[in-house]
Amino acid sequence: MTLPPGTRLGPYEVTAQIGVGGMGEVYRATDSNLKRAVAIKVLPESVAADTERLARLQREAEVLASLSHPNIAAIYGLERSSGLTALVMELVEGPTLADRIAQGAIPVDESMAIARQVAEAIEAAHEQGIIHRDLKPANIKLRTDGIVKVLDFGLAKAMRPAVALSPSHSQSPTITPPAMRSAGMILGTAANMSPEQATGREVDKRSDVWAFGTVLYELLTGTRAFDGADVSDTITSVLTSEPDWSRVPGDVPLAVLTLMQRCLTKNKLHRVSDISTARFVLTEFPQLAATSVAHGTSRRMRLGFTVAAVAALSALVVGGAALVLRSPTPPRDSVHFSIPLPELRASAGPAPAVAISPDGTRLAYTANSRIFIRSLNELESHEVTGSGYSGTGGGVPTFAPDGQSLAFFSSGGVTTAESGVTLSRVPIGGGVASKLSTVDYPYGVSWSASGILVGQGPGGIVRVPATGGAAQQIVNVAAGESAMEPQLLPDGQTILFTLGRAGDEPIDMGNVVAQSTVDGARHIIREHASGGRYSGGHLWYVVGGTVFAVPFDAARLTVTGDPVTVLNGVQRSVLGITQLSLSKTGTAAYVPGPASASAASPSRTLVIGDTRTNAKVLKISPASFFHPRVSPDGRTVAVSRSDGPMSDIWAYDLTGTTEIRRLTFDGTNRFPVWSADSQNLTFQSAREGDRAIWWASARGGTPVRLTRPGADGQHVPECWSRDGRRLLFSSVTNSKSTLWVFTLDTRTSERFGSAESSDLFGANFSPDGRWVVYAANAGPAGFLTLNRGVYVEPFPATGERHQAPKQGLDYHPVWAPDAKQIFYVSTLAGPLVSVPIALQPSVTFGAPTRLARGPRPGLRATEARGFDFLPDGRFVSLAPLPEEGGESRSPELRVLLNWAESSQSARSAGSTVTSPR
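Residues numbered from 1 in each chain as written. Predicted model: local features only at pLDDT ≥ 70, side-chain atom pairs only at ≥ 80, totals over all residues. Heavy atoms only, no water.

Some points on the overall build of the protein
Secondary structure assignment for the protein yields 14 helices and 60 strands. Within the protein, the proportion of its 917 residues that are buried is 58%. Partitioning the intrachain contacts of the protein with sequence separation of at least 6 by distance along the chain shows that 49% fall at a separation of at least 24. Surface exposure of the protein reaches about 35,800 Å², of which carbon and sulfur atoms provide 50%. (Helix = DSSP H or I, 4+ residues; strand = E, 2+ residues; numbered from the N terminus. Buried < 20%, exposed > 50% of the residue type's maximum accessible area, 1.4 Å probe, protein only. Contact = heavy atoms within 4.5 Å. Areas by Shrake-Rupley, 256 points an atom, 1.4 Å probe, with all protein chains shown as cover.)

Notes on the confidence of the model for the protein
Mean pLDDT over the protein stands at 79; residues scoring 70 or higher make up 77%. Between residues 158–188, whose pLDDT stays under 50, and residues either more than four places distant or in other chains, the model counts 95 contacts. Predicted confidence is poor over residues 595–600, with pLDDT under 50, and the contacts of this stretch with residues over four places away or in other chains come to 21 contacts. (pLDDT = per-residue confidence, 0-100.)

Description of the environment of Val-421
Relative to the helices and strands, Val-421 resides in strand E18 (residues 421–427). Take Val-421: its relative accessible area is 2%, and that puts it in the buried class. The sequence separation of Val-421 and Ser-437 amounts to 16 residues, and the corresponding C-alpha distance is 8.5 Å.

Points about the pairing of strand E16 (residues 395–399)
Judged by how many residues are buried, E16 sits mostly within the fold: five of five residues are covered. Because side chains alternate across E16, one face comprises the buried residues Gly-395, Pro-397 and Phe-399, and the other comprises Val-396 and Thr-398, equally buried. Taken together, the three bridges between E16 and strand E17 (residues 405–411) define a ladder with antiparallel strand orientation. The partner of Gly-395 across the bridge, within E17, is Phe-409. The hairpin formed by E16 and E17 contains five residues between the paired strands, and Gly-403 there has a positive phi angle of roughly 75 degrees. (Pairing = 2+ DSSP bridges.)

Looking at the packing of aromatic side chains
Overall, the coordinates contain 12 aromatic pairs when judged by the stated rule. What links up through ring pairs into an aromatic cluster is the set Phe-752, Phe-765 and Phe-795. Over the face of the ring belonging to Tyr-76 we find Arg-36, whose NZ or CZ atom lies 3.7 Å from the ring centre. Lying across the ring of Tyr-791, Arg-801 places its NZ or CZ 4.2 Å from the centre. (Phe/Tyr/Trp six-rings, centres within 6.5 Å; stacked < 30°, edge-to-face > 60°. Lys NZ or Arg CZ within 6 Å of the ring centre and 35° of its normal.)

Notes on the sheet that holds strand E60 (residues 892–897)
Strand pairing in a sheet takes place through backbone hydrogen bonds and is either antiparallel or parallel in direction. Read across the open sheet, the four strands follow the order E11-E60-E34-E33; overall the sheet is antiparallel. Edge positions in the sheet fall to strand E11 (335–340) and strand E33 (580–582), since each has one partner strand and no second. Strand-to-strand twist in this sheet, taken as the mean axis angle between neighbours without regard to direction, amounts to 20 degrees. (Axes fitted to C-alpha atoms, helices over the stretch in contact; angles between N-to-C directions.)

Topic: the environment of Ile-339
Tracing the sequence through the fold places Ile-339 in strand E11. Under the relative-accessibility criterion, Ile-339 is labelled buried at 2%. Taking the C-alpha atoms as reference, Ile-339 lies 9.8 Å from Arg-374; in sequence the two are 35 residues apart.

Details of helix H10 (residues 254–263)
Judged by how many residues are buried, H10 sits mostly within the fold: 10 of 10 residues are covered. Those residues of H10 lying buried are Leu-254, Ala-255, Val-256, Leu-257, Thr-258, Leu-259, Met-260, Gln-261, Arg-262 and Cys-263.

Notes on the pattern of salt bridges
For the structure on display, the rule yields 26 salt bridges. Of the charged contacts in the structure, one is a salt bridge between Arg-247 and Asp-244, with a shortest N-O distance of 3.7 Å. A relative accessible area of 25% places Asp-244 in the partly exposed class. A salt bridge links Arg-874 to Asp-872, with the shortest nitrogen-to-oxygen separation between them at 2.9 Å. What emerges from the salt-bridge pattern is a single network uniting Asp-204, Arg-206 and Lys-268. (Salt bridge = Lys/Arg side-chain N within 4 Å of Asp/Glu carboxyl O.)

Quick look at the packing of helix H4 (residues 108–127) against helix H8 (residues 205–221)
Following both chains from N to C, one finds H4 and H8 inclined at 165 degrees, their axes separated by 10 Å at the closest point. One finds that H4 runs roughly antiparallel with respect to H8. Our pair here, H4 against H8, has a crossing hand that is right-handed. The residues of H8 that touch H4, namely those facing Val-108, Ser-111, Met-112, Ile-114, Ala-115, Val-118, Ala-119, Ile-122 and His-126, are Lys-205, Asp-208, Phe-212, Leu-216, Leu-219 and Leu-220. Partitioning the contact of H4 with H8 into residue classes produces 11 nonpolar, two polar and two charged. (Parallel < 35°, antiparallel > 145°, perpendicular 65-115°, else oblique. Left-handed = near helix turned anticlockwise from the far one by under 90°. Nonpolar A, V, L, I, M, F, W, Y, C, P; charged D, E, K, R; others polar.)

Points about the sheet that holds strand E41 (residues 669–674)
Reading across the sheet, the four strands line up as E41-E42-E43-E44 and stay open at both edges, with antiparallel pairing between neighbours. For this open sheet the edge positions go to E41 and strand E44 (704–705), each flanked by a neighbour on one side alone. As paired elements, E41 and strand E42 (residues 680–685) share four bridges and run antiparallel to each other. Note that in E42 the partner of Val-673 across the bridge is Thr-682.

Things to note about the pairing of strand E14 (residues 370–375)
Where burial is concerned, most of E14 is hidden: five out of the six residues are buried. Of the strand pairs in this sheet, E14 and strand E15 (residues 382–383) are connected by two bridges, and their pairing is antiparallel. In the strand pairing of E15, Phe-372 is matched with Glu-383.

Comments concerning the nonpolar core
Buried together is how nonpolar side chains tend to be arranged in soluble globular proteins. The biggest cluster of nonpolar side chains holds 57 residues, and the ones touching the most others in it are Leu-97, Val-118, Leu-135, Phe-153, Phe-212 and Leu-216. Take this core: its biggest share by element is 10 residues, from H4. Once residues within four sequence positions are removed from consideration, Phe-212 is found in contact with Ala-115, Val-118, Ala-119, Leu-135, Cys-263, Ile-275, Ala-278 and Leu-282. Judged by nonpolar contacts, the second largest core, of 18 residues, contains Ile-608, Phe-626, Tyr-652 and Leu-870. (Core = buried A, V, L, I, M, F, W, Y, C linked by side-chain atoms within 4.5 Å.)

Okay, structure coming up:
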C-alpha cells in the first residue's frame, strides 16, 4: 500500500515516496518532535505479520542503533502505527552508487575514495559483530559533500522475507526463512552475493569482503563482476566464472587489482579474511604505487611492481595486515599476475610462444620475430641476440634442463624453399646460434636430459641430440593420428603427449597418453583432452581454453585424485597447441585467450556487411557456429552448429526476420551446401555410421543419401553447379583429399583432375560452371608448407592448371558473383585478398588487393571457410565474441605462482572442487 503525503506514523509525517526495494517502501518524512527529516522504510506485510521475524528485527535494530560511524546511515527506531511497521532511519540526500555507476565507470581516484569509506563502514560494523549480508551499489549513498553512507546493515539477516519483492536481480534480496535455509536456499543479492550465499551455506564477514570486491569492480569498470540474463544465470556466473579483469582501467594500482582479485576468490579460505586489509591497501598502496599493472588495452603502462612486491602484497591481502607481523607465517597462497608487452607484437600463432625455465625464474617468449628473456624479479625484458627467426613456424622457444640455453626454430619453413624447419640453440645471454638439426613442422617441443623432443603431428615424435645431429624417430602414429606436445616423464623412458586426429577434427577429441620408448606400450591417461603436462606431482591438461590439474603418479601412470580447475582462458594455437608452459616448481606461464567449451569450436556470432561499411551482428544468440553458406537466392544462411562432439545444420532467415531453425537433429551433420535452386541442402552426415553426403529439403523432411565412401574415408560436399546437375566434393582417405564430381542425373561420381591435398579443398564452380577454383596442400594434414596455394582449372578437367598469386599460406577461395575476381585467405588467419581474374582468351590474374574491410576468414584458417557472399556482393561471416577475439587486447603474458602449494592447503582444509568429468 502506497502512503500518500500527509500520512502520519506516530510522530512522523510522510512527505514523499523516495524508493521501493526488496525489503519495503521508503518514504521521506518529518520528525515532528525533533524537527528533522528522516527516512521511513515501511516493512512488507510478510515481515510485519510474522511475530518471530518482528522480534528478530527488533533485536537487530537495537544492535544496529548502537553503531555510530560517519559512513553508516543510522537507525533511529522501530515504529508501529496504524497497522504498519516501519524502520526510522537517517535520511541521506544524494544518489545511490548504483545511480552513479549507471552513468559509466568512475575515475580511479574517486573510486578509491568511495571504496575506502565503504571499507571503513564495513570494518566498524564487523568490530561490533554485525555482518551486512546485502552490500551492493543500491545500498550505498553518495552525499554531495563527498561523504559515503552505507545503508541497511544487517537487515537482510533480520528480515529474511519469504520472497523477493523486486524483479531485478541486482536489487532484490533473495531469501529464506530458517526452516528453508537447510534445504539449500540462498540469502543475499544475486549480482553481489558470495559463493557461500549462493549455495545456502553459512556466511561470515568474508561474505561482506566478497560483496565489497564486487562493488569495487563495478566502481572501476561500470559493469558487474558477475552478471546474467536472470537470477539463475547470475548465480551460475558467481559460482563458475571469473570477472573480466581486462575491463579494469590500466591506471589502477597493482596493489588494488590484487586486492580486488583476492576479495573475489571463490574459496573463502583463500579470500581476504578481514576488511581492514582492504582499508589498509586503499589508504596506503595507491600513494606508494607510481605505476600500474597492465591488463587489457593498448595504452597499458609497464608493470609497476616487481614480482617480489606482488608476492608480499598477496601475503598481506590473504592473511590480513596484522598477520604479516605474526609467526608462524601462513602457507603461501597462489599469486596470479600479468606482464604487459606494449612495445612488442607478441607471437601467439600456430606454435607455442612462451616458455618458462625449469626453476621457474625466467620467461622466454617470441615477439617481433625474435626471442626475449625476462626474469621474474626484473621489470624489463631483454632480447636474446642471435635468436632472430623467420617463417610462421619460427621461434617456439624451450629451455635446456639447466636453464642456460634455449632451443628454437630459426626458420619456420614457409618463406623459403627449404624442406623442413631448422632447430637451433643459443645461450640465454645471447650469442651465435648453432644449428642442431632439421625437422618437420613442430607440434610442440620440450628439452630433457636425453635430448630435445619435437612433436611432428602425423609424423609422430622425434628426438634431437642436445649437441646436434640427425633426428631419431621414437614415437610413430597411425594414419589419421597426430602427436603433439611431447614431454619426457621423470623415469626417462616414458613420453607424455597428446594423441589427436589429423585433419579437421577438434583437438579435444583426442587423448592425453603416455608411451614407453622401451617397448612402445601406450596408456591413455585422459580422454577427450589435450595439452598434457607433468609438474610437481600433477598432470595438467586442457579442455577448450580451460586448464585442469589432477594428482598423478608418474611412475605408475595413474591418476590419484580428482581434477580441479586451475586456469580459465588459455590461448590455443591454430593447431590446437596450448600456449602454456610449466616449470618443475609448478610455476605456470601462458598466453591468455578464449575460455570456450572447445578451442576448436568457440562461441561465435554471425555478421553481415560489405567491404565499404562495418559489418552488423545478426540477431542470433552466439553458439559454436562454423561453415556458413548463403543460399543462391540470398535469402537464407545455413550454418553448422556444434555442441561438444555433436553437430547439426541450422538456418537463419536474412530477409528481416529473426527466425533461426534447426534442420537436422541426430547430431552427426555438418558442412551444409545449398542446391542451385535454394530449395535443398546438401551436407555430410554420419547417421548410418559412415560420413557420406546426404541432402534434404530446406523446409524439413527425410534426408536422402547421395554418396557412399569407403570404410576409412569420408565425403565432404563443396559446391553445386549453377545448373543443379553436378556437385563437387572432397573424398578424404587417410588424411589425403581428392576432388570428385557427383552427377545428380545418374547418381554416379568420378574424380576431377589429378590434384591431391592433405586438407579439404574448398572447391567452387565458377558462375558459368566452366571453371573450378580450389586450395590444395601437398604436405601432411595440418602441416604448413610452401605447397599450399589456390588453383584454377577448367571443367571438365584437361590437365591445365593455373595458380593464383601466392600470398603466403592460401586458403578458402571463392568466386565473386560476376566471376571477375576470386577471394581467398592469405596466411594463417590473415586478411582476405581480392584477385582480379580474366578467363578469356586465357587465364590471367591481376594484382592481389588486401581488403581493409571484409569478412573475417574465421578463427582458424585451417577450419572450413568461415564466410560466404550474397548475390549482391555483401558477405556473411563468423565473428568471435569480444572477449574471445583477442584483437583489442594488448600483448601480455600471465604467470601463476604457488598454485600447487595453495591447492594442497585448500584440500587439507576440506574445500571442494568441480571436476570436468
